[in-house]
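Summary of the model geometry
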Amino acid sequence: MTQATQSVPRRWLADLAWLPGQGVRRDVLIEADGDRFTAVAPGAPAPPDTTRLHGLTLPGLANAHSHAFHRALRSVTQADRGTFWTWRERMYEVAGRLDPDSYYRLARATFAEMALAGVSCVGEFHYLHHQPGGHPYADPNIMSRALVDAAAEAGLRITLLDTCYLTGGLAEEGLLPLAGPQLRFSDGDAVRWAARVTAFDCDEHGMIAPHAQVGAAIHSVRAVPRGQMHPVVAWAHRFGAPLHVHLSEQRAENEACQAVYGMSPTRLLYEQDVLGPRTTVVHATHLDDADLELLGGERVFACLCPTTERDLGDGLAPAQALAAAGCPLTLGSDSHAVIDILAEARGVEYAERLARRARGHFTAEDLMRSATTDGHTSLGWPDAGEITPGARADLVAVSLDTVRTAGTAEAAVLEAAVFAATAADVTDVVISGRDVVGGGVHLLVPDVPGELSRSIRAVLG
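These notes cover the structure that comes with them. (Residues numbered from 1 in each chain as written. Predicted model: local features only at pLDDT ≥ 70, side-chain atom pairs only at ≥ 80, totals over all residues. Heavy atoms only, no water.)

Some thoughts on the overall build of the protein
In terms of helices and strands, the protein carries 15 helices and 19 strands. Taking the principal axes of its C-alpha atoms as reference, the protein extends roughly 70 × 50 × 45 Å. Sequence separation of at least 24 residues holds for 74% of the intrachain contacts in the protein that already meet a minimum separation of 6. With an accessible surface of roughly 16,800 Å², the protein has 51% of that area assigned to carbon and sulfur atoms. Positive and negative side-chain charges in the protein, numbering 38 and 56 respectively, have mean positions lying 3 Å apart. (Helix = DSSP H or I, 4+ residues; strand = E, 2+ residues; numbered from the N terminus. Contact = heavy atoms within 4.5 Å. Areas by Shrake-Rupley, 256 points an atom, 1.4 Å probe, with all protein chains shown as cover. Lys, Arg positive; Asp, Glu negative; His and termini not counted. Charge placed at Lys NZ, Arg CZ, Asp CG, Glu CD.)

Brief notes about the packing of aromatic side chains
Enumeration according to the criterion identifies nine aromatic pairs in this entry. Pairing Y127 with F185 gives two aromatic rings, centres 4.8 Å apart and planes at 70 degrees, and the pair type is edge-to-face. Of this pair, Y127 sits in the loop between β6 (119-126) and α3 (142-154) while F185 sits in the loop between β9 (174-176) and α4 (190-198), placing them 58 residues apart in sequence. Aromatic side chains Y350 and F419 sit 6.0 Å apart centroid to centroid with 45 degrees between the ring planes, which places their arrangement in the tilted category. Placement of Y350 in helix α11 (residues 341-356) and of F419 in helix α14 (residues 413-419) is noted, with a sequence separation of 69 residues between them. Taking the relative accessible area as the measure of exposure, Y350 reaches 34% and is therefore partly exposed. Put simply, the rings of F69, Y92, Y103, Y127, Y165 and F185 pair up and form one aromatic cluster. For R157, the ring lying beneath its charged end belongs to W381, and the centroid distance is 5.3 Å. (Phe/Tyr/Trp six-rings, centres within 6.5 Å; stacked < 30°, edge-to-face > 60°. Buried < 20%, exposed > 50% of the residue type's maximum accessible area, 1.4 Å probe, protein only. Lys NZ or Arg CZ within 6 Å of the ring centre and 35° of its normal.)

Thoughts on the environment of F200
Mapped onto the elements, F200 comes out in the loop between α4 and β10 (207-209). For F200, a relative accessible area of 2% corresponds to the buried category. Sequence separation of F200 and D139 is 61 residues, and the distance between their C-alpha atoms is 9.5 Å. For F200, the residues in contact, after removing those within four places along its chain, are N141, S144, R145, V148, L160, I208 and V214.

So, the sheet that holds strand β19 (residues 441-442)
Here eight strands make up an open sheet; going across it, the order is β3-β2-β1-β4-β16-β17-β18-β19 and the pairing mixed. The two strands at the open ends of the sheet, each matched to only one other strand, are β3 (36-42) and β19. Pairing of strand β4 (residues 51-58) with strand β16 (residues 395-398), which is carried by three bridges, proceeds in the antiparallel orientation. In the strand pairing of β16, L58 is matched with V396. (Pairing = 2+ DSSP bridges.)

What to know about the packing of α11 against helix α12 (residues 364-371)
Where α11 meets α12, the closest approach of the two axes is 9 Å, and the angle between their N-to-C directions is 130 degrees. The orientation of α11 relative to α12 falls into the category oblique. Relative to α12, α11 is oriented so that their crossing is right-handed. Note on element contacts: α12 touches α11 through L367, M368 and A371, opposite I341, L342, A345, R346, V348 and E349. (Axes fitted to C-alpha atoms, helices over the stretch in contact; angles between N-to-C directions. Parallel < 35°, antiparallel > 145°, perpendicular 65-115°, else oblique. Left-handed = near helix turned anticlockwise from the far one by under 90°.)

Let's talk about the packing of α4 against helix α5 (residues 229-239)
Two numbers describe a pair of packed helices, the interaxial angle and the distance between the axes. Contact pair α4 / α5: the axes reach a minimum separation of 8 Å and the direction vectors enclose 30 degrees. Classified by the angle their axes make, α4 and α5 are roughly parallel. From α4, A190, V191, W193, A194, V197 and T198 reach across to α5, where they touch P231, V232, W235, R238 and F239. Taken together, the residues that form the contact of α4 with α5 break down as nine nonpolar, one polar and one charged. (Nonpolar A, V, L, I, M, F, W, Y, C, P; charged D, E, K, R; others polar.)

As for the pattern of salt bridges
Considering all chains together, one arrives at 27 salt bridges under this definition. Between E410 and R26 there is a salt bridge, with its nearest N and O atoms 2.6 Å apart. Residue E410 is found in the loop between β16 and α14, and its partner R26 is found in strand β2 (residues 23-33); the two are separated by 384 residues along the sequence. On the accessibility criterion, E410 (41% relative accessible area) is partly exposed. For R222, the salt bridge goes to E253, with nearest N and O atoms at 3.1 Å. Remark: E253 occurs in helix α6 (residues 251-261) and R222 occurs in the loop between β11 (212-218) and α5; sequence separation between them is 31 residues. Since its relative accessible area comes to 7%, R222 is described here as buried. (Salt bridge = Lys/Arg side-chain N within 4 Å of Asp/Glu carboxyl O.)

In short, the description is geometric, and any link to function would need to be established separately.
Written out as structure tokens, the structure reads:
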């Protein structure tokens, strides 16, 4: 299923819009033809057929790290204290219950929730490949197709980060075998992983459909042995695809990697040629100075997920140190404890304030670039995330007269969006020139709360 776009010229007049290199400008006339902006002109007269966008208009937001099925765990895993590892067991229970139909319905509702929050593109870190027990479906990529179709129905672009996942964990005594629901994650080895992904019929650039491309992912050093990483890297190079990997989310991961391989996870990925300018490391919470030097030297993206990292008690990622080393920062909602990229953006700054007991490490523009241009680029869409001619026609209008944003001075509207607004303040969303949200209502999935409720209840029983 492909995502349709309108092929007629369109015009919007934004009360206020954040433009690259210009900051926030008033009365901005924005024109598009199909899925691309053709003209952006502050102060230009608006023809009669122009659509008005009230409040502050932003580029589409990028959710650079998502596990759609985790949405079923929201609030369920808050009932008791637990740890990251006990949370993971609950997550495996949900993973074991999904089939292509239920996965499609849950992902469609979750992606629709993202659109309501202003997300125009999602990076879906996908490893639910096979049937429970590990036997492939007749179509070995049917679970991937469910996600691609779900994104189309919800109006989003998607980078399907097809994930290699081969072992059950890493302990000081070595790699652990797969068990239980993990069996459905594995293709057996990385060569068979690459063969399955290639059979998904993407073109030479990894595109599956106008709204969808395939990227690669190494789940973590816990789930992919050192000797199995090269085929994944080679596949990503062949297609010029993004390559994502969970990195140092838990101290236990670092300790086990040191015991088994004699080095940190970052050093292991570096020595296996995983790191590079198309690579995104996710979380990157527990790093030392040598790790930071390697990551910055390779100019990798670092995707931070502050809400999930707080929720699971992972720790505070060294955001300022990563940025200073040369790693562009991106944002993800990960486990979907909430879906709110604006909240993730301010979470980066607030975590630094807690860690350093000082304010003012990232400006609103810094954080908005993480949520837009850098996020899209890390997902393989470098032509998105800015309101400028030639870019993909994505727009997000944020209200400036809600209880959270009312009274904001015009000079501080970007700060209001980043540090005060929430997903609930998004009123209108255009993705690739197509109206997806209007007046706070999803135009393609009419009853998003109902869809979420029904799909989650079906999974949780």
